[in-house]
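# Residue-level structural notes
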Amino acid sequence: VAVVARDYEKEYGVRVEIQFGGSGTLLNNIRLSRLGDLFLAADSSYLEIARKNGLVAETIPLAQMRPVLAVKKGNPRSIQTVQDLLRSDVRVALANPETASIGKQTQLLLTQTGQWSRIEEAVRARGVFKPTVNDVANDVKLGAVDAGIVWDATIRQKDYANHLDAVELRGSEAFVQEVTIGILGYSTQPTAALHFARYLGARDKGLPVFARMGFTPVGGDV
């Protein structure tokens, strides 16, 4: 988004200010402050919550992601399944379900497979909960933990591609999420906000940047 915003500023002379954070954290900030023009979340469920609370007027899908296990390059601990996260020699980082989309989806996925309570207990005992997906990826990259659950797009980004491998999660195909941007209903400049949102979702503007950075873009606008 930062790269696309710079391109937009050069093309239109409009400055775009970006505040980064977990999807849940940003949604709470929006509820409390009622400031801002756009809300981009890692999965569309947060936009649905925002819409039900009268915070979002319109939404535009941008890309898709799904959860994977992140391990160090070469997978030195031979972590193959979620069950391996329960091993006494494996330290795990997960994103907090209250603050980050990937944390919320991890909890849903592992609850569905009946593994959440044991994994949560293992993380609290010898791992760590982090506020964002990038914090999880960084912990694995730096060796602070042996594994974490992140988005597949996270591992493809240049900061992690040479340091992390992805291990497929059984059942993750049911948890593919859509990265979506919404125009906030109380925006003081909704036309300008919609213009940038559509630029982000345009086939020849923002979406090629998403693809280049490891995301799976949607069809997009002409």
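Below or above, wherever it landed, is the structure these notes cover. (Residues numbered from 1 in each chain as written. Predicted model: local features only at pLDDT ≥ 70, side-chain atom pairs only at ≥ 80, totals over all residues. Heavy atoms only, no water.)

## Side note on the pairing of strand E3 (residues 67-72)
Where we set the bar: Think of it in three bands: residues with accessible area under 20% of the maximum for their type are buried, residues over 50% are exposed, and the middle band is partly exposed, with areas taken using a 1.4 Å probe on protein chains only. Helix numbering and strand numbering both begin at the N terminus, where a helix is a DSSP run of H or I of at least 4 residues and a strand a DSSP run of E of at least 2. What makes two strands pair is DSSP finding at least two bridges between them.
A large share of E3 lies buried, amounting to five of its six residues. One ladder, built from five bridges, connects E3 with strand E6 (residues 147-151); its direction is antiparallel. Bridging across to E6, Val 68 finds its partner in Val 150. Where E3 and strand E7 (residues 164-168) come together, five bridges link them in antiparallel fashion. Residue pairing across strands places Ala 70 opposite Ala 166, the latter belonging to E7.

## Details of the sheet that holds strand E4 (residues 92-95)
Selection criterion: Note on geometry: axes are C-alpha line fits, over the in-contact stretch for helices, and angles between N-to-C directions span 0 to 180 degrees. The criterion used for residue contact is that any of the two residues' heavy atoms lie within 4.5 Å.
Here five strands make up an open sheet; going across it, the order is E5-E4-E6-E3-E7 and the pairing mixed. The sheet is open, and its two edges are formed by strand E5 (128-130) and E7, each paired on a single side. Between one strand and the next, the sheet's axes are offset by a mean angle of 35 degrees, whatever the strand orientation. Against the sheet, helix H4 (residues 101-112) touches E3, E4 and E6, its axis set at about 110 degrees to E6.

## A look at the sheet that holds strand E1 (residues 38-41)
Here four strands make up an open sheet; going across it, the order is E1-E8-E2-E9 and the pairing antiparallel. Taken across any chain shown, the strands that pair with only one partner, and hence form the sheet edges, are E1 and strand E9 (216-217). Taken together, the two bridges between strand E2 (residues 56-65) and E9 define a ladder with antiparallel strand orientation. Residue pairing across strands places Gln 64 opposite Thr 216, the latter belonging to E9. Its contacts with the sheet put helix H8 (residues 190-200) on E1, E2 and strand E8 (177-184), and the angle it makes with E8 is roughly 160 degrees.

## Section: helix H2 (residues 23-33)
What counts here: Directions from the helix axis toward the C-beta atoms define the arc.
Among all positions in H2, only Ser 23, Gly 24, Leu 26, Leu 27 and Ile 30 are buried. Here the buried residues of H2 occupy an arc of 165 degrees about the axis, which is enough to place them on one side. Residues of H2 that are buried in the fold lie against E1, helix H3 (44-52), H4 and E8. A positive phi of about 50 degrees marks Arg 34, the residue just after H2.

## Considerations on the environment of Asn 138
Summarising the element assignment, Asn 138 is placed in helix H6 (residues 133-142). According to the relative accessible area criterion, Asn 138 is partly exposed, its value standing at 28%. Taking the C-alpha atoms as reference, Asn 138 lies 12 Å from Lys 158; in sequence the two are 20 residues apart.

## Considering the pattern of salt bridges
Quick reminder of the rule: Whenever a carboxyl oxygen of Asp or Glu lies within 4 Å of a side-chain nitrogen of Lys or Arg, that contact is scored as a salt bridge.
Evaluated as defined, the whole model comprises 13 salt bridges. Arg 15 is paired through a salt bridge with Glu 17; the nearest N and O atoms lie 2.7 Å apart. Both residues of the pair, Arg 15 and Glu 17, count as exposed. For Asp 146, the salt bridge is made with Arg 91, and the minimal N-O distance between the two is 3.3 Å. Of this pair, Asp 146 sits in the loop between H6 and E6 while Arg 91 sits in the loop between E3 and E4, and the two are 55 residues apart along the sequence. Each of Arg 77, Asp 84, Arg 87, Asp 89, Arg 91 and Asp 146 takes part in salt bridges that share partners, so that together they form one network.

## What to know about the side chain of Asn 75
Tracing the backbone shows Asn 75 in the loop between E3 and E4. According to the relative accessible area criterion, Asn 75 is buried, its value standing at 14%. Not counting the four nearest positions on each side in its chain, Asn 75 is found in contact with Gln 80, Asp 165 and Val 167.

## Here we look at the packing of aromatic side chains
Stated formally: Within 6.5 Å between ring centres, the rings of Phe, Tyr and Trp (the latter by its six-membered ring) count as paired, and their orientation is classed by plane angle as stacked under 30 degrees, edge-to-face over 60, tilted in between. In this scheme, the term charge over a ring applies when either NZ of a lysine or CZ of an arginine sits within 6 Å of the ring centre and within 35 degrees of the ring normal.
A full pass over the atoms with the stated rule returns five aromatic pairs. Both rings, one in Tyr 8 and one in Tyr 12, keep their centres 5.0 Å apart while their planes meet at 40 degrees; by these two values the pair is tilted. Remark: Tyr 12 and Tyr 8 occur in helix H1 (residues 2-12); sequence separation between them is four residues, near one turn of the helix. The exposure class assigned to Tyr 12 is partly exposed, which follows from its relative accessible area of 41%. If you follow Lys 104 out to its NZ or CZ, it ends over the ring of Tyr 46, 4.5 Å from the centre.

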